[in-house]
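# Observations on the three-dimensional arrangement
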Amino acid sequence: LPGMEPTRVAIIGSGLIGCSWAMVFAAGGFKVKLYDIAQQQLTTALESIRKQMKELEESGFLKGTLNAEKQLALISVCTDLKAAVEGATFIQECTPENLELKKKIFSQLDLIVDDNVILSSSTSCLLPSKLFTGLKHVKQCIVSHPVNPPYFVPLVEIVPHPETDPSVTERTYALMKKIGQSPVKLNREIEGFVLNRLQYAVISEAWRLVGEGVISPTDLDIVMSDGLGMRYAFIGPLETMHLNAEGISNYCERYREGMKLVLNTFGPVPEFSGEIEQKISQAMSEKIPAVPKHLGARREWRDDCLVGLAKLKKQMKSN
Ligand code: NAI
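Our subject in this report is the structure included herewith. What you see is a predicted model; the values in this text were computed from it and never measured. (Residues numbered from 1 in each chain as written. Predicted model: local features only at pLDDT ≥ 70, side-chain atom pairs only at ≥ 80, totals over all residues. Heavy atoms only, no water.)

### Remarks on the overall build of the protein
- On a plain count of helices and strands, the protein comes out with 13 helices and 8 strands.
- Over its C-alpha trace the protein gives a radius of gyration of 22 Å, about what one expects of a compact globule, namely 20 Å for 319 residues.
- Per-residue burial over the protein gives 37% buried out of 319 residues.
- Sequence-distant contacts, at least 24 apart, represent 64% of the contacts inside the protein between residues at least 6 apart.
- Of the roughly 18500 Å² that the protein leaves accessible, carbon and sulfur atoms contribute 57%. (Helix = DSSP H or I, 4+ residues; strand = E, 2+ residues; numbered from the N terminus. Rg over C-alpha atoms; globule rule 2.2 N^0.38 Å. Buried < 20%, exposed > 50% of the residue type's maximum accessible area, 1.4 Å probe, protein only. Contact = heavy atoms within 4.5 Å. Areas by Shrake-Rupley, 256 points an atom, 1.4 Å probe, with all protein chains shown as cover.)

### Regarding the pairing of strand S1 (residues 8-12)
- For S1, the tally of buried residues reaches 5 of 5 residues, placing the bulk of the element in the interior.
- Going residue by residue along S1, you find Arg8, Ala10 and Ile12 tucked away on one face and Val9 and Ile11 tucked away on the opposite face as well.
- Here S1 pairs with strand S2 (residues 31-35) via 5 bridges, running parallel. Its bridge partner being in S2, arginine 8 is matched across the sheet by lysine 31. (Pairing = 2+ DSSP bridges.)

### Observations concerning the packing of helix H8 (residues 195-211) against helix H9 (residues 217-232)
- Interhelical geometry of H8 versus H9 gives an angle of 145 degrees and a closest axis separation of 10 Å. Between H8 and H9 the crossing geometry is right-handed. Contacts between H8 and H9 involve Val202, Ala206, Leu209 and Val210 from the first element and Pro217, Leu220 and Met224 from the second. (Axes fitted to C-alpha atoms, helices over the stretch in contact; angles between N-to-C directions. Left-handed = near helix turned anticlockwise from the far one by under 90°.)

### Considering the site of the ligand
- Lining the immediate surroundings of the ligand are 22 residues, of which Ile17, Asp36, Glu97, Lys102 and Ser124 lie closest.
- Within the contact set of the ligand, an oxygen atom lies 2.8 Å away from a side-chain nitrogen or oxygen of aspartate 36.
- Between the ligand and serine 124, the relevant distance is 2.8 Å, taken from an oxygen atom to a side-chain nitrogen or oxygen of the residue.
- In the complex, 76% of the free accessible area of the ligand, which totals 830 Å², lies under the protein chains.
- Of all the elements in the fold, those that place two or more residues in the shell around the ligand are helix H1 (16-27), helix H5 (99-112) and strand S6 (141-146).
- Tallying contributions element by element places H5 first for the shell around the ligand, with 3 residues.
- Class assignment for the residues of the shell around the ligand results in 9 nonpolar, 10 polar and 3 charged. (Near = heavy atom within 4 Å. Polar contact = N/O pair within 3.5 Å; in protein donor to acceptor, adjacent residues only side chain to side chain. Nonpolar A, V, L, I, M, F, W, Y, C, P; charged D, E, K, R; others polar.)

Structure representation (C-alpha coordinates):
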(Lines give C-alpha, C1' and ligand atoms only; values in the text may rest on other atoms or scores of the structure.)
Protein backbone atom coordinates (compact mmCIF):
# COMPACT_ATOMS: atom_id res chain seq x y z
CA LEU A 1 0.00 0.00 0.00
CA PRO A 2 1.28 3.48 -0.76
CA GLY A 3 2.81 5.16 2.22
CA MET A 4 2.95 1.94 4.22
CA GLU A 5 6.25 1.38 6.02
CA PRO A 6 7.89 -1.88 4.93
CA THR A 7 8.56 -4.32 7.76
CA ARG A 8 11.96 -3.80 9.33
CA VAL A 9 14.65 -6.38 10.00
CA ALA A 10 18.08 -5.94 11.58
CA ILE A 11 21.17 -7.91 10.58
CA ILE A 12 23.94 -8.13 13.17
CA GLY A 13 27.32 -8.68 11.45
CA SER A 14 27.90 -7.67 7.83
CA GLY A 15 30.24 -10.42 6.61
CA LEU A 16 29.51 -13.03 3.95
CA ILE A 17 26.29 -14.33 5.51
CA GLY A 18 25.07 -10.98 6.87
CA CYS A 19 25.32 -9.46 3.37
CA SER A 20 23.46 -12.42 1.88
CA TRP A 21 20.62 -12.11 4.39
CA ALA A 22 20.43 -8.38 3.71
CA MET A 23 20.05 -9.09 -0.01
CA VAL A 24 17.44 -11.79 0.52
CA PHE A 25 15.36 -9.54 2.82
CA ALA A 26 15.69 -6.53 0.51
CA ALA A 27 14.53 -8.71 -2.40
CA GLY A 28 11.49 -9.51 -0.27
CA GLY A 29 10.78 -5.78 0.09
CA PHE A 30 11.93 -5.53 3.71
CA LYS A 31 13.73 -2.51 5.16
CA VAL A 32 17.12 -3.76 6.40
CA LYS A 33 19.44 -2.24 9.02
CA LEU A 34 22.88 -3.75 8.76
CA TYR A 35 24.93 -3.49 11.95
CA ASP A 36 28.66 -4.11 12.45
CA ILE A 37 31.34 -2.99 14.87
CA ALA A 38 33.38 -1.02 12.33
CA GLN A 39 32.13 1.58 9.85
CA GLN A 40 34.78 0.44 7.35
CA GLN A 41 33.36 -3.09 7.35
CA LEU A 42 29.88 -1.69 6.67
CA THR A 43 31.17 0.41 3.80
CA THR A 44 32.83 -2.65 2.29
CA ALA A 45 29.65 -4.68 2.84
CA LEU A 46 27.44 -2.11 1.09
CA GLU A 47 29.85 -1.92 -1.84
CA SER A 48 29.83 -5.68 -2.15
CA ILE A 49 26.01 -5.80 -2.00
CA ARG A 50 25.70 -3.07 -4.61
CA LYS A 51 28.11 -4.88 -6.94
CA GLN A 52 26.35 -8.22 -6.52
CA MET A 53 22.90 -6.73 -7.02
CA LYS A 54 23.99 -4.94 -10.21
CA GLU A 55 25.51 -8.12 -11.59
CA LEU A 56 22.42 -10.13 -10.70
CA GLU A 57 20.22 -7.52 -12.35
CA GLU A 58 22.31 -7.55 -15.52
CA SER A 59 22.21 -11.34 -15.74
CA GLY A 60 18.47 -11.39 -14.98
CA PHE A 61 18.89 -13.24 -11.68
CA LEU A 62 17.99 -10.48 -9.25
CA LYS A 63 15.32 -11.81 -6.90
CA GLY A 64 12.14 -9.97 -6.01
CA THR A 65 9.96 -7.48 -7.84
CA LEU A 66 11.95 -4.29 -7.12
CA ASN A 67 14.94 -3.25 -9.25
CA ALA A 68 18.47 -3.23 -7.80
CA GLU A 69 18.42 0.50 -7.07
CA LYS A 70 15.16 0.22 -5.07
CA GLN A 71 16.40 -2.86 -3.21
CA LEU A 72 19.64 -1.07 -2.33
CA ALA A 73 17.67 1.87 -1.03
CA LEU A 74 16.00 -0.48 1.48
CA ILE A 75 19.36 -1.27 3.10
CA SER A 76 20.98 1.11 5.56
CA VAL A 77 23.95 0.66 7.85
CA CYS A 78 24.61 1.47 11.47
CA THR A 79 27.32 1.03 14.13
CA ASP A 80 24.97 1.59 17.07
CA LEU A 81 23.30 -1.62 18.23
CA LYS A 82 20.32 0.05 19.86
CA ALA A 83 19.57 2.17 16.81
CA ALA A 84 20.08 -0.85 14.56
CA VAL A 85 17.37 -2.92 16.19
CA GLU A 86 14.95 -0.05 16.84
CA GLY A 87 11.61 -0.89 15.22
CA ALA A 88 12.81 -4.25 13.89
CA THR A 89 10.41 -7.19 14.04
CA PHE A 90 13.14 -9.72 13.27
CA ILE A 91 16.86 -9.69 14.13
CA GLN A 92 19.24 -12.04 12.31
CA GLU A 93 22.62 -12.43 14.04
CA CYS A 94 25.52 -13.16 11.64
CA THR A 95 28.67 -12.63 13.70
CA PRO A 96 31.66 -15.02 13.66
CA GLU A 97 31.08 -18.58 14.85
CA ASN A 98 32.26 -18.04 18.41
CA LEU A 99 30.06 -19.02 21.35
CA GLU A 100 31.35 -16.39 23.78
CA LEU A 101 30.99 -13.59 21.24
CA LYS A 102 27.49 -14.64 20.23
CA LYS A 103 26.41 -15.03 23.87
CA LYS A 104 27.68 -11.53 24.54
CA ILE A 105 25.72 -10.13 21.61
CA PHE A 106 22.51 -11.91 22.60
CA SER A 107 22.81 -10.72 26.17
CA GLN A 108 23.25 -7.14 24.87
CA LEU A 109 20.20 -7.57 22.66
CA ASP A 110 18.30 -9.11 25.58
CA LEU A 111 18.58 -5.79 27.42
CA ILE A 112 17.25 -3.60 24.63
CA VAL A 113 14.56 -5.57 22.78
CA ASP A 114 10.80 -5.69 23.44
CA ASP A 115 8.70 -8.81 23.95
CA ASN A 116 7.70 -9.24 20.30
CA VAL A 117 10.85 -9.16 18.19
CA ILE A 118 12.38 -12.49 17.10
CA LEU A 119 16.07 -12.99 17.94
CA SER A 120 17.49 -15.36 15.35
CA SER A 121 21.02 -16.71 14.93
CA SER A 122 22.72 -17.86 11.69
CA THR A 123 24.99 -20.23 13.62
CA SER A 124 26.13 -23.33 11.74
CA CYS A 125 26.76 -25.51 14.77
CA LEU A 126 26.14 -23.81 18.11
CA LEU A 127 23.09 -25.30 19.82
CA PRO A 128 20.25 -23.01 20.93
CA SER A 129 20.63 -24.32 24.51
CA LYS A 130 24.23 -23.06 24.48
CA LEU A 131 23.38 -19.72 22.88
CA PHE A 132 20.15 -18.67 24.55
CA THR A 133 19.80 -20.32 27.97
CA GLY A 134 19.30 -17.75 30.72
CA LEU A 135 18.19 -14.90 28.48
CA LYS A 136 15.14 -12.96 29.63
CA HIS A 137 13.76 -13.18 26.09
CA VAL A 138 14.64 -16.86 25.53
CA LYS A 139 11.06 -17.52 24.32
CA GLN A 140 11.77 -15.24 21.35
CA CYS A 141 15.08 -16.87 20.40
CA ILE A 142 15.67 -19.31 17.57
CA VAL A 143 18.37 -20.52 15.17
CA SER A 144 17.79 -19.92 11.46
CA HIS A 145 20.73 -21.69 9.83
CA PRO A 146 21.22 -20.79 6.16
CA VAL A 147 23.30 -22.59 3.55
CA ASN A 148 26.08 -20.83 1.68
CA PRO A 149 25.34 -19.04 -0.64
CA PRO A 150 21.87 -18.28 0.80
CA TYR A 151 20.88 -16.20 -2.22
CA PHE A 152 20.99 -19.29 -4.42
CA VAL A 153 20.56 -22.17 -1.97
CA PRO A 154 17.26 -21.49 -0.22
CA LEU A 155 17.29 -23.99 2.67
CA VAL A 156 17.02 -22.57 6.20
CA GLU A 157 17.09 -24.94 9.19
CA ILE A 158 14.90 -23.54 11.95
CA VAL A 159 16.00 -24.84 15.33
CA PRO A 160 14.15 -23.76 18.49
CA HIS A 161 15.49 -23.64 22.03
CA PRO A 162 13.47 -25.92 24.35
CA GLU A 163 11.85 -22.76 25.74
CA THR A 164 11.20 -21.06 22.39
CA ASP A 165 7.54 -20.11 22.05
CA PRO A 166 5.94 -22.23 19.29
CA SER A 167 4.53 -19.04 17.75
CA VAL A 168 8.11 -17.77 17.28
CA THR A 169 8.98 -20.91 15.34
CA GLU A 170 5.84 -20.48 13.22
CA ARG A 171 6.49 -16.78 12.58
CA THR A 172 10.10 -17.47 11.60
CA TYR A 173 8.97 -20.26 9.28
CA ALA A 174 6.38 -17.99 7.66
CA LEU A 175 8.90 -15.16 7.28
CA MET A 176 11.42 -17.43 5.56
CA LYS A 177 8.72 -18.60 3.14
CA LYS A 178 7.73 -15.00 2.50
CA ILE A 179 11.23 -14.00 1.42
CA GLY A 180 11.48 -17.01 -0.88
CA GLN A 181 13.73 -19.24 1.25
CA SER A 182 12.91 -22.88 1.91
CA PRO A 183 12.56 -23.38 5.68
CA VAL A 184 12.49 -26.70 7.54
CA LYS A 185 11.68 -27.10 11.24
CA LEU A 186 13.67 -29.24 13.65
CA ASN A 187 11.49 -30.43 16.52
CA ARG A 188 14.45 -30.34 18.86
CA GLU A 189 18.10 -29.33 18.78
CA ILE A 190 20.77 -31.87 17.85
CA GLU A 191 24.52 -31.56 17.18
CA GLY A 192 25.07 -30.60 13.52
CA PHE A 193 21.36 -29.93 13.02
CA VAL A 194 20.22 -32.01 10.02
CA LEU A 195 22.10 -30.67 7.03
CA ASN A 196 25.52 -31.14 8.55
CA ARG A 197 24.64 -34.57 9.94
CA LEU A 198 23.77 -35.70 6.42
CA GLN A 199 26.80 -33.91 5.00
CA TYR A 200 29.18 -35.45 7.54
CA ALA A 201 27.75 -38.92 6.93
CA VAL A 202 28.63 -38.51 3.24
CA ILE A 203 32.03 -36.91 3.92
CA SER A 204 33.09 -39.62 6.37
CA GLU A 205 32.24 -42.49 4.03
CA ALA A 206 33.95 -40.63 1.15
CA TRP A 207 37.04 -40.24 3.34
CA ARG A 208 37.05 -43.94 4.29
CA LEU A 209 36.58 -45.13 0.69
CA VAL A 210 39.49 -43.01 -0.50
CA GLY A 211 41.54 -43.93 2.56
CA GLU A 212 41.03 -47.62 1.94
CA GLY A 213 42.10 -47.15 -1.68
CA VAL A 214 38.73 -48.22 -3.09
CA ILE A 215 38.47 -45.18 -5.37
CA SER A 216 40.47 -42.06 -6.24
CA PRO A 217 39.48 -38.69 -4.73
CA THR A 218 38.40 -37.26 -8.09
CA ASP A 219 36.32 -40.31 -8.97
CA LEU A 220 34.71 -40.22 -5.53
CA ASP A 221 33.48 -36.69 -6.25
CA ILE A 222 32.11 -37.78 -9.63
CA VAL A 223 29.97 -40.41 -7.90
CA MET A 224 28.17 -37.53 -6.23
CA SER A 225 28.25 -34.83 -8.93
CA ASP A 226 27.25 -37.10 -11.84
CA GLY A 227 25.38 -39.71 -9.80
CA LEU A 228 23.63 -39.25 -6.51
CA GLY A 229 23.71 -35.47 -6.63
CA MET A 230 21.80 -35.35 -9.92
CA ARG A 231 18.63 -36.54 -8.25
CA TYR A 232 19.24 -34.99 -4.83
CA ALA A 233 18.74 -31.51 -6.27
CA PHE A 234 15.13 -32.51 -6.88
CA ILE A 235 14.16 -35.32 -4.53
CA GLY A 236 15.49 -36.35 -1.13
CA PRO A 237 16.80 -39.75 -0.04
CA LEU A 238 13.44 -40.87 1.34
CA GLU A 239 11.49 -40.04 -1.82
CA THR A 240 14.29 -41.72 -3.76
CA MET A 241 13.52 -44.93 -1.88
CA HIS A 242 9.82 -44.49 -2.55
CA LEU A 243 10.35 -44.08 -6.29
CA ASN A 244 13.06 -46.71 -6.67
CA ALA A 245 10.58 -49.45 -5.79
CA GLU A 246 6.82 -49.67 -5.61
CA GLY A 247 6.79 -47.38 -2.58
CA ILE A 248 8.73 -47.32 0.68
CA SER A 249 7.42 -50.61 2.04
CA ASN A 250 8.31 -52.42 -1.13
CA TYR A 251 11.78 -50.78 -1.08
CA CYS A 252 12.37 -51.93 2.49
CA GLU A 253 11.17 -55.40 1.69
CA ARG A 254 13.56 -55.61 -1.24
CA TYR A 255 16.61 -53.78 0.09
CA ARG A 256 16.42 -53.91 3.90
CA GLU A 257 18.85 -56.81 4.30
CA GLY A 258 21.20 -55.51 1.61
CA MET A 259 21.34 -52.04 3.15
CA LYS A 260 22.07 -53.45 6.60
CA LEU A 261 24.79 -55.68 5.18
CA VAL A 262 26.52 -52.68 3.56
CA LEU A 263 25.98 -50.37 6.54
CA ASN A 264 27.53 -52.93 8.88
CA THR A 265 30.77 -52.71 6.86
CA PHE A 266 31.15 -48.97 7.52
CA GLY A 267 34.35 -48.06 9.36
CA PRO A 268 34.88 -45.80 12.38
CA VAL A 269 34.85 -42.00 12.38
CA PRO A 270 37.92 -40.86 10.39
CA GLU A 271 40.65 -38.69 11.91
CA PHE A 272 40.61 -36.33 8.89
CA SER A 273 44.40 -36.00 9.13
CA GLY A 274 47.65 -37.68 8.17
CA GLU A 275 48.27 -39.62 4.96
CA ILE A 276 44.68 -39.64 3.75
CA GLU A 277 44.44 -35.90 4.22
CA GLN A 278 47.67 -35.51 2.21
CA LYS A 279 46.34 -37.70 -0.56
CA ILE A 280 42.99 -35.91 -0.85
CA SER A 281 44.60 -32.49 -0.53
CA GLN A 282 47.04 -33.32 -3.34
CA ALA A 283 44.30 -34.59 -5.65
CA MET A 284 42.06 -31.58 -5.05
CA SER A 285 44.95 -29.12 -5.43
CA GLU A 286 45.93 -30.65 -8.76
CA LYS A 287 42.45 -29.91 -10.00
CA ILE A 288 42.04 -26.54 -8.27
CA PRO A 289 45.21 -25.02 -6.75
CA ALA A 290 44.41 -24.00 -3.17
CA VAL A 291 45.14 -20.30 -3.70
CA PRO A 292 42.60 -17.45 -3.64
CA LYS A 293 42.67 -16.86 -7.40
CA HIS A 294 41.77 -20.42 -8.37
CA LEU A 295 39.45 -21.09 -5.45
CA GLY A 296 37.64 -17.82 -6.17
CA ALA A 297 37.18 -18.63 -9.84
CA ARG A 298 35.86 -22.07 -9.02
CA ARG A 299 33.45 -20.63 -6.43
CA GLU A 300 32.14 -18.22 -9.05
CA TRP A 301 31.61 -21.11 -11.43
CA ARG A 302 29.84 -23.05 -8.67
CA ASP A 303 27.54 -20.11 -7.99
CA ASP A 304 26.76 -19.82 -11.71
CA CYS A 305 25.85 -23.51 -11.68
CA LEU A 306 23.59 -22.95 -8.67
CA VAL A 307 21.89 -20.03 -10.43
CA GLY A 308 21.23 -22.26 -13.44
CA LEU A 309 19.98 -25.02 -11.21
CA ALA A 310 17.66 -22.66 -9.31
CA LYS A 311 16.24 -21.56 -12.65
CA LEU A 312 15.73 -25.15 -13.74
CA LYS A 313 14.07 -26.05 -10.45
CA LYS A 314 11.65 -23.16 -10.88
CA GLN A 315 10.82 -24.24 -14.44
CA MET A 316 10.31 -27.85 -13.42
CA LYS A 317 7.94 -26.81 -10.64
CA SER A 318 5.72 -24.68 -12.82
CA ASN A 319 5.34 -27.46 -15.39
P1 NAI B 1 32.24 -13.40 8.48
O2 NAI B 1 33.49 -13.49 9.22
O3 NAI B 1 32.26 -13.25 6.99
O4 NAI B 1 31.37 -12.19 9.07
C5 NAI B 1 31.27 -11.89 10.43
C6 NAI B 1 30.96 -10.41 10.59
O7 NAI B 1 30.67 -10.14 11.96
C8 NAI B 1 32.12 -9.50 10.19
O9 NAI B 1 31.63 -8.50 9.32
C10 NAI B 1 32.58 -8.89 11.53
O11 NAI B 1 33.06 -7.55 11.39
C12 NAI B 1 31.28 -8.92 12.31
N13 NAI B 1 31.46 -8.84 13.76
C14 NAI B 1 32.48 -9.30 14.53
N15 NAI B 1 32.24 -9.02 15.82
C16 NAI B 1 31.04 -8.39 15.87
C17 NAI B 1 30.27 -7.84 16.92
N18 NAI B 1 30.66 -7.91 18.18
N19 NAI B 1 29.09 -7.26 16.60
C20 NAI B 1 28.68 -7.20 15.33
N21 NAI B 1 29.38 -7.69 14.29
C22 NAI B 1 30.55 -8.28 14.56
O23 NAI B 1 31.39 -14.70 8.89
P24 NAI B 1 30.23 -15.43 8.06
O25 NAI B 1 30.82 -16.46 7.18
O26 NAI B 1 29.32 -14.40 7.48
O27 NAI B 1 29.47 -16.23 9.23
C28 NAI B 1 28.56 -15.59 10.10
C29 NAI B 1 27.72 -16.66 10.79
O30 NAI B 1 26.99 -17.40 9.82
C31 NAI B 1 28.53 -17.68 11.59
O32 NAI B 1 27.84 -18.01 12.76
C33 NAI B 1 28.58 -18.87 10.65
O34 NAI B 1 28.70 -20.09 11.33
C35 NAI B 1 27.21 -18.78 10.00
N36 NAI B 1 27.12 -19.45 8.70
C37 NAI B 1 28.13 -19.33 7.79
C38 NAI B 1 28.09 -20.00 6.58
C39 NAI B 1 29.21 -19.87 5.60
O40 NAI B 1 29.29 -20.71 4.71
N41 NAI B 1 30.07 -18.86 5.70
C42 NAI B 1 26.92 -20.83 6.23
C43 NAI B 1 25.88 -20.85 7.23
C44 NAI B 1 25.99 -20.17 8.42
